[in-house]
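# Fold and contact review
Now for the letters of each chain:
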Amino acid sequence: MQTTGDEIVLFWFRRDLRLEDNAGLWHALTSGYKVVPVFIYDSNILGKLEPEDARISFLRDILDGINKTLKKAGSSLLTISGTPVTVFKSLGNRFKIKSLYFNRDYEPYAIERDSAITDYLKELGIPCFSFKDQVIFEKDEVVKSDGKPYTVFTPYSRRWISLFKNDQIKSFPSETLLKNFAPSGSGSYFHISDPGFICPPVNVKPPHLEKEHLADYDKTRDFPSSEGGSYLGPHLRFGTISIRDVLRKTHMVNRVFTNELIWREFFMQILFHYPYLVEKSFRPEYDKIEWLNNEEYFDKWRTGTTGFPLVDAGMRELNETGYMHNRVRMVVASFLTKHLLTDWRWGEAWFASKLLDYELSSNNGNWQWAAGSGCDAAPYFRIFNPETQQQKFDPGLIYVRKWIPEYGTSSYSKPLVDHKYARERALSRYKSGINN
Ligand code: FAD
């Protein structure tokens with residue numbers, strides 16, 4: 001990468017890992033200065049992950065892809081390990097930085113990090129420019145008439161739809177401006193294996209946005225053996241596709257599908273407005289529930305050996321692939337919190353360590369939905385019966401047999417709890433907890 005005295009601008013890739021239709025990148029590339037693209041292996045985040053974490057493999061593959069394209073254009077991606085503050089200090093010694101560009105991130109840690117970097121660079125006289133990119137509507141763009149955030153999904157989604165104009169979705173054709181990246185020198189690209197990750201091969205399905213595939217989304221999405229989902233999760237999480245592009249491609253294809261994309265933004269704005277949710281229940285009374293938190297139970301749930309086939313199939317799918325079907329996510333989350341009376345934070349943390357599409361706001365929002373503690377949550381007395389759910393959504397046992405080869409033999413686990421007993425126990429503990 002160029003280290004001459006020329007002034008450059010930095011573009012900081014984070015969860016927008018693509019060269020196409022990238023708002024912040026497009027602004028950097030049209031700034032009139034050459035752009036040095038940077039990715040930071042943030043030790044504050046990576047330090048909490050296991051060395052074989054499959055998301056790092058995915059990340060490395062994406063960065064490799066970006067770097068290959070940049071190399072063809074005569075540039076390269078600068079990847080550095082460390083805390084963002086130390087990295088920016090070192091970049092300040094290496095480049096004459098005119099300004100920094102990045103896309104906004106709404107998670108509490110990211111907000112704190114970005115404000116620390118912005119303050120630091122401001123002291124050096126370097127302005128930072130941030131852009132909306134990962135959502136259609138951010139922060140306060142979809143709020144009630146009194147300016148307060150929506151905490152119930154249906155009115156939020158109605159407002160979202162009324163504000164959304166498909167023909168007005170902006171385009172940021174950053175991919176047409178690759179010549180505006182700074183020319184590379186040698187040795188500027190550092191491989192992810194440097195920070196000590198093993199990077200086992202990972203198989204992330206490409207997104208399925210074809211019209212024929214999504215046309216029946218509302219009918220197929222609940223059946224785990226039908227593979228009726230879009231598999232967009234990891235792509236939206238890492239930003240390998242832009243949300244604007246997704247909406248352009250899927251507009252009017254299936255309203256239920258669009259609704260799911262709105263759920264994503266709903267939970268993002270909820271976490272933005274209520275950052276305490278990272279640790280606490282949205283409804284404080286739910287933090288008074290006396291959880292059983294039995295570690296043996298949790299272990300059986302985690303390893304897919306509870307003796308409840310749909311729960312076990314889902315947990316094994318998650319552990320093996322980093323993905324679990326949405327209907328099954330709801331069933332396993334309800335089972336853990338209600339049948340096994342385990343704090344939703346335990347389940348949330350297990351999902352966070354395994355899901356390729358792990359997204360703090362969606363994971364937290366959905367776990368709190370399942371536990372009954374969240375905004376617009378399922379009422380606590382709604383307890384999924386895992387047997388009935390399996391009969392309804394996997395009647396041919398296709399999904400169950402795929403993930404539990406020993407199903408139907410004596411080697412398969414006996415049910416960990418009696419459904420009726422566990423249901424009554426949950427109802428009574430929840431009731432006394434929240435009325436306490
Ligand atoms: P599709 O069904 O094709 O949906 C398209 C996109 O819409 C998804 O990729 C996602 O971005 C969004 N979406 C769909 N359903 C939801 C939802 N209920 N809440 C928020 N966004 C949604 N989704 C995550 O992206 N990250 C998570 O960490 C996550 N954790 C979850 C935990 C639990 C307990 C539950 C019940 C659901 C969770 N979900 C999470 C939501 C949902 O299960 C996944 O988004 C979906 O299964 C991913 O598959 P897909 O990409 O094929 O989704």
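Residues numbered from 1 in each chain as written. Predicted model: local features only at pLDDT ≥ 70, side-chain atom pairs only at ≥ 80, totals over all residues. Heavy atoms only, no water.

## Describing helix H3 (residues 54–72)
- An ideal rise of 1.5 Å per residue puts 27 Å on 19 residues; H3 measures up with 28 Å between its terminal C-alpha atoms.
- Restricting attention to buried positions, one finds in H3 the residues Arg55, Ile56, Ser57, Phe58, Leu59, Arg60, Ile62, Leu63, Ile66, Asn67 and Leu70.
- Looking at the packing, one finds that the buried side of H3 touches strand E1 (7–13), strand E2 (34–42), helix H2 (43–46), strand E3 (78–82), helix H9 (233–238) and helix H15 (344–354).
- Directly after H3, the chain includes Gly74, whose backbone phi takes a positive value near 85°. (Helix = DSSP H or I, 4+ residues; strand = E, 2+ residues; numbered from the N terminus. Expected span 1.5 Å × (residues − 1). Buried < 20%, exposed > 50% of the residue type's maximum accessible area, 1.4 Å probe, protein only. Contact = heavy atoms within 4.5 Å.)

## Some details on the pattern of salt bridges
- All chains considered together, the criterion is met by 24 salt bridges.
- Arg329 is the partner of Asp357 in a salt bridge, and the nearest nitrogen-oxygen pair spans 2.9 Å. Taken together, the residues span a long stretch of sequence, with Asp357 in the loop between H15 and helix H16 (360–371) and Arg329 in helix H14 (residues 326–339) at a distance of 28 residues.
- Taking the shortest distance from any N to any O, the salt bridge between Asp343 and Arg345 comes out at 2.9 Å.
- Overall, the relative accessible area of 11% leaves Asp343 in the buried class.
- Overall, the relative accessible area of 22% leaves Arg345 in the partly exposed class.
- In this structure, a network of salt bridges that share partners links the residues Arg18, Asp21, Asp133, Arg244, Asp245, Arg248 and Lys249. (Salt bridge = Lys/Arg side-chain N within 4 Å of Asp/Glu carboxyl O.)

## Structural notes on the packing of aromatic side chains
- Across all of its chains, the model carries 34 aromatic pairs by this definition.
- The interplanar angle of 90° and the centroid separation of 5.2 Å between the aromatic rings of Phe58 and Phe238 together place this pair among those described as edge-to-face. With Phe58 in helix H3 and Phe238 in helix H9, the pair connects residues that are 180 residues apart, well separated along the chain. The two residues Phe58 and Phe238 agree in class, both being buried.
- Ring centres of Phe298 and Trp346 lie 5.3 Å apart, and the angle between their planes is 90°; this geometry places the pair in the edge-to-face category. With Phe298 in helix H12 (residues 295–303) and Trp346 in helix H15, this residue pair connects regions lying 48 residues apart in the sequence.
- Members of the aromatic cluster, connected to one another through ring pairs, are Tyr150, Phe153, Tyr156, Trp263, Phe266 and Phe267.
- Over the aromatic face of Trp12 sits the side chain of Arg14, whose NZ or CZ is 4.5 Å from the ring centroid.
- In this structure, Arg302 packs its charged tip against the face of Trp350, placed 4.9 Å from the ring centre. (Phe/Tyr/Trp six-rings, centres within 6.5 Å; stacked < 30°, edge-to-face > 60°. Lys NZ or Arg CZ within 6 Å of the ring centre and 35° of its normal.)

## What to know about the site of the ligand
- Residues in contact with the ligand amount to 28 residues; listed here are only the nearest, Tyr217, Ser230, Tyr231, Asn326 and Asp357.
- Between Asn326 and the ligand, the recorded distance is 2.7 Å, taken from a side-chain N or O atom to an oxygen atom.
- Contacts to the ligand include Arg329, whose side-chain N or O atom sits 3.4 Å from an oxygen atom.
- With the chains in place, 96% of the 810 Å² that the ligand exposes on its own is no longer accessible. (Near = heavy atom within 4 Å. Polar contact = N/O pair within 3.5 Å; in protein donor to acceptor, adjacent residues only side chain to side chain. Areas by Shrake-Rupley, 256 points an atom, 1.4 Å probe, with all protein chains shown as cover.)

## Quick look at the environment of Asp64
- Of note, Asp64 is situated in helix H3.
- In this structure the C-alpha to C-alpha distance between Asp64 and Phe164, which are 100 residues apart in sequence, comes to 35 Å.

## Notes on the domain arrangement of the chain
- Each assigned domain of the chain is listed here: domain 1 (7–133), domain 2 (135–169 + 206–273) and domain 3 (276–434).
- The distance between the C-alpha centroids of domain 1 and domain 2 comes to 26 Å.
- Listed by partner, the interface residues are 18 residues for domain 1 and 23 residues for domain 2.
- Buried surface at the junction of domain 1 and domain 2, summed over both partners, amounts to about 1,600 Å²; 54% is from carbon and sulfur atoms.
- Of all residues in domain 1, Arg15, Tyr106 and Lys132 bury the most surface against domain 2, accounting for 39% of the area lost on that side.
- Our enumeration of links across domain 1 and domain 2 arrives at 11 residue pairs in polar contact (both at pLDDT 80 or more).
- Of all elements in the fold, only H3 and helix H5 (108–123) reach the threshold of two or more residues within the side of domain 1 that touches domain 2. (Domains from an automatic or database assignment. Buried area = accessible area lost by both parts, 1.4 Å probe.)

## Section: the pairing of E3
- Buried residues dominate E3, accounting for 4 of its 5 residues.
- In terms of strand pairing, E2 meets E3 through 5 bridges, oriented parallel. Paired with Tyr41 across the two strands is Ser81, which belongs to E3. (Pairing = 2+ DSSP bridges.)

## Describing the packing of helix H13 (residues 309–321) against H15
- With their axes 9 Å apart at the nearest point, H13 and H15 run at an angle of 40° to one another. One finds that H13 runs oblique with respect to H15. Every residue of H15 that contacts H13 at Met315, Leu318 and Asn319 is listed here: Trp350, Phe351 and Lys354.
- Tallied by class, the residues present in the contact of H13 with H15 amount to 4 nonpolar, 1 polar and 1 charged. (Axes fitted to C-alpha atoms, helices over the stretch in contact; angles between N-to-C directions. Parallel < 35°, antiparallel > 145°, perpendicular 65-115°, else oblique. Nonpolar A, V, L, I, M, F, W, Y, C, P; charged D, E, K, R; others polar.)

## Observations concerning the sheet that holds E1
- Taking strand neighbours across the sheet as the criterion, the 5 strands line up as E3-E2-E1-E4-E5 in an open arrangement whose pairing is parallel. Here the strands that pair on one side only, and so sit at the sheet edges, are E3 and strand E5 (128–131). Neighbouring strand axes in the sheet, compared pairwise and without regard to direction, differ in orientation by 30° on average.
- Helix H4 (residues 84–94) contacts E1, E2, E3 and strand E4 (96–103) of the sheet and is inclined by roughly 130° relative to E3.

## Some points on the nonpolar core
- Residues Trp301, Val311, Met315, Met324, Val332, Phe351 and Tyr430 are the most contacted members of the largest nonpolar core, which totals 46 residues.
- Every element with two or more residues in this core is listed here: H12, H13, H14, H15, H16, helix H18 (398–403) and helix H19 (419–434).
- Top contributing element to this core by residue count: H14, with 7 residues.
- Not counting the four nearest positions on each side in its chain, Val311 is found in contact with Trp301, Thr306, Val331, Val332, Phe335 and Pro386.
- Counting 32 residues, the second largest nonpolar core, distinct from the first, contains Leu19, Val35, Phe39 and Leu356. (Core = buried A, V, L, I, M, F, W, Y, C linked by side-chain atoms within 4.5 Å.)

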